[in-house]
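Reading the structure
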Amino acid sequence: MAKKLSSKDDFLSNHGGRRGKCYETPPLADLQMMLWTHRKSTEHVNQVWPNLYLGDRCTALDKGLLRELGITHILNAADGRFNVNTGAKFYCEMDIDYYGIDADDDPEFNLSVYFNSAARFIRAGLSFPKGKVLVHCAMGISRSATLVLAFLMICEKLFLLDAIRALFKAPVAADPLQFYLHGIRECKLINLWALMRSLKARLTLSEI
């Protein structure tokens with residue numbers, strides 16, 4: 001079961017706060033080491049920000065769990081016939097707002113074109129009375145995690161490091177390629193997709 005986070009203000013005070021003039025993104029090696037030393041979560045869903053959940057296919061298909069969590073909005077980053085093909089009709093009896101992105105799990109897919117629309121959907125869901133948002137893809141590692149990072153940086157104005165810490169509140173082990181991390185360090189959101197793809201590849205290899 002996903003753990004409940006404290007208030008947003010408490011979270012920010014524990015993790016460094018939002019962007020400011022004195023902030024400097026940590027060196028590339030420090031970012032890589034932070035991701036390297038995190039453990040992989042064994043949960044199918046984790047709360048990574050107050051009322052914002054990151055999950056996988058199993059979570060999306062478990063209506064009982066969705067009701068238990070009180071999910072009101074679902075962002076499916078793996079929408080479509082050959083992905084997690086739920087769609088709004090799958091949740092029609094649950095009064096859930098649904099937004100699907102037919103994103104290929106492929107490094108050539110340009111997920112960045114959806115960053116702003118995804119961030120707006122998440123923000124709308126969290127602004128909804130008692131709103132709780134689930135963002136998921138197939139494994140909850142690359143596509144959905146990238147969109148959550150984008151939301152935290154676009155709407156919550158988090159530093160890159162704080163966004164990563166929020167995302168990996170339930171830690172995962174990773175060894176992203178330095179090329180990808182360099183782009184993230186410069187806060188170019190288009191490179192988030194490359195980072196999370198690299199993360200997923202390393203996680204997969206670590207299980208072989």
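Relevant structure appears above.
This write-up is about the structure you can find in this document.

What counts and how
- Residues numbered from 1 in each chain as written.
- Predicted model: local features only at pLDDT ≥ 70, side-chain atom pairs only at ≥ 80, totals over all residues.
- Heavy atoms only, no water.
- Axes fitted to C-alpha atoms, helices over the stretch in contact; angles between N-to-C directions.
- Helix = DSSP H or I, 4+ residues; strand = E, 2+ residues; numbered from the N terminus.
- Parallel < 35°, antiparallel > 145°, perpendicular 65-115°, else oblique.
- Contact = heavy atoms within 4.5 Å.
- Nonpolar A, V, L, I, M, F, W, Y, C, P; charged D, E, K, R; others polar.
- Salt bridge = Lys/Arg side-chain N within 4 Å of Asp/Glu carboxyl O.
- Buried < 20%, exposed > 50% of the residue type's maximum accessible area, 1.4 Å probe, protein only.
- Expected span 1.5 Å × (residues − 1).
- Phe/Tyr/Trp six-rings, centres within 6.5 Å; stacked < 30°, edge-to-face > 60°.
- Lys NZ or Arg CZ within 6 Å of the ring centre and 35° of its normal.

Concerning the packing of helix 6 (residues 115–127) against helix 7 (residues 143–154)
Where helix 6 contacts helix 7, the axes come no closer than 9 Å and their chain directions differ by 75°. When the interaxial angle is binned, helix 6 and helix 7 end up roughly perpendicular. For the pair helix 6 and helix 7, the contacting residues are Phe115, Asn116, Ala118, Ala119, Ile122, Arg123 and Leu126 in the first and Thr146, Leu147, Ala150, Phe151 and Ile154 in the second. Here the contact of helix 6 with helix 7 is built from residues that sort into nine nonpolar, two polar and one charged.

Focus: the pattern of salt bridges
Counted by the stated rule, this structure contains three salt bridges. In this structure, Lys63 engages Glu93 in a salt bridge whose closest nitrogen and oxygen atoms are separated by 2.9 Å. Here Lys63, found in helix 4 (residues 63–69), pairs with Glu93, found in the loop between helix 5 (87–90) and strand 4 (97–100); they are 30 residues apart in sequence, far enough to count as distant. By relative accessible area, Glu93 is classed as partly exposed at 45%.

Details of helix 7
Between its terminal C-alpha atoms helix 7 stretches 17 Å, which fits the 16 Å expected from 12 residues at 1.5 Å a residue. Among the 12 residues that make up helix 7, 12 are buried, leaving the element largely enclosed by the rest of the structure. Arg143, Ser144, Ala145, Thr146, Leu147, Val148, Leu149, Ala150, Phe151, Leu152, Met153 and Ile154 are the residues of helix 7 that are buried.

Focus on the packing of aromatic side chains
Enumeration according to the criterion identifies three aromatic pairs in this entry. Ring geometry for Phe90 against Tyr91: centres 4.9 Å apart, planes inclined by 85°, an arrangement best described as edge-to-face. Look at Phe90 and you get partly exposed, because its relative accessible area is 26%. Both rings, one in Tyr99 and one in Phe121, keep their centres 5.5 Å apart while their planes meet at 50°; by these two values the pair is tilted. With a gap of 22 residues between them, Tyr99 in strand 4 and Phe121 in helix 6 connect regions that are remote in the sequence. Taking NZ or CZ as reference, Lys63 lies 4.3 Å from the ring centre of Phe90, over its face.

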